[in-house]
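A look at the structure
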Amino acid sequence: QVQLVESGGGLVQPGESLRLSCAASGFTFSIYDMGWYRQAPGKQRELVAAITVGSVTNYADSVKGRFTISRDNAKNTVYLQMNSLKPEDTAIYYCNARRNRLAYWGQGTQVTVSS
């Protein structure tokens, strides 16, 4: 049974940091490209950051220089370090695993940035 379980979300003030984790099970993690997406109320889901099986990374322009995606294949986990958070980063953050036509999603974790 495939599972992607996100954790680490919460309520923080602008300028603070959070680290999201996504623990994967039920598939061969190391051969999947991984990504973090987010969806704010009333908006479409968008790609935040992605990391390939070869650890090549890609970021949305809005988070470049503030967010860092990484993966630990030994722990079947992908991370998203989020620094200098802004109110516009408020959204539900989803973990995604992708290989060819296969795609898996987590249930999401809420991130709220507010003073």
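Described in the following lines is the structure provided in the data block. (Residues numbered from 1 in each chain as written. Predicted model: local features only at pLDDT ≥ 70, side-chain atom pairs only at ≥ 80, totals over all residues. Heavy atoms only, no water.)

**Details of the pairing of strand β5 (residues 46-51)**
Where strand β4 (residues 33-39) lies against β5, five bridges are found, and the strand directions are antiparallel. By the bridge assignment for β5, Met34 is matched with Ile51. Between the end of β4 and the start of β5, which pair antiparallel, lie six residues, with Gly42 showing a positive phi angle near 80°. Relative to strand β6 (residues 57-59), β5 runs antiparallel, the two being bridged by three bridges. Bridged to Ala49 within β6 is Tyr59. Connecting β5 to the antiparallel partner β6 that follows it, the hairpin turn spans five residues, and Ser55 within it adopts a positive phi of roughly 65°. (Pairing = 2+ DSSP bridges. Helix = DSSP H or I, 4+ residues; strand = E, 2+ residues; numbered from the N terminus.)

**A word on the side chain of Arg38**
By the element assignment, Arg38 lies in strand β4. A relative accessible area of 6% places Arg38 in the buried class. Here the side chain of Arg38 touches Asp89 through a polar contact of 2.9 Å, side chain to side chain. A polar contact of 2.9 Å, which involves the side chain of Arg38, links it to the side chain of Tyr93. (Buried < 20%, exposed > 50% of the residue type's maximum accessible area, 1.4 Å probe, protein only. Polar contact = N/O pair within 3.5 Å; in protein donor to acceptor, adjacent residues only side chain to side chain.)

Honestly, that's just the spatial picture; any functional story needs more than this.
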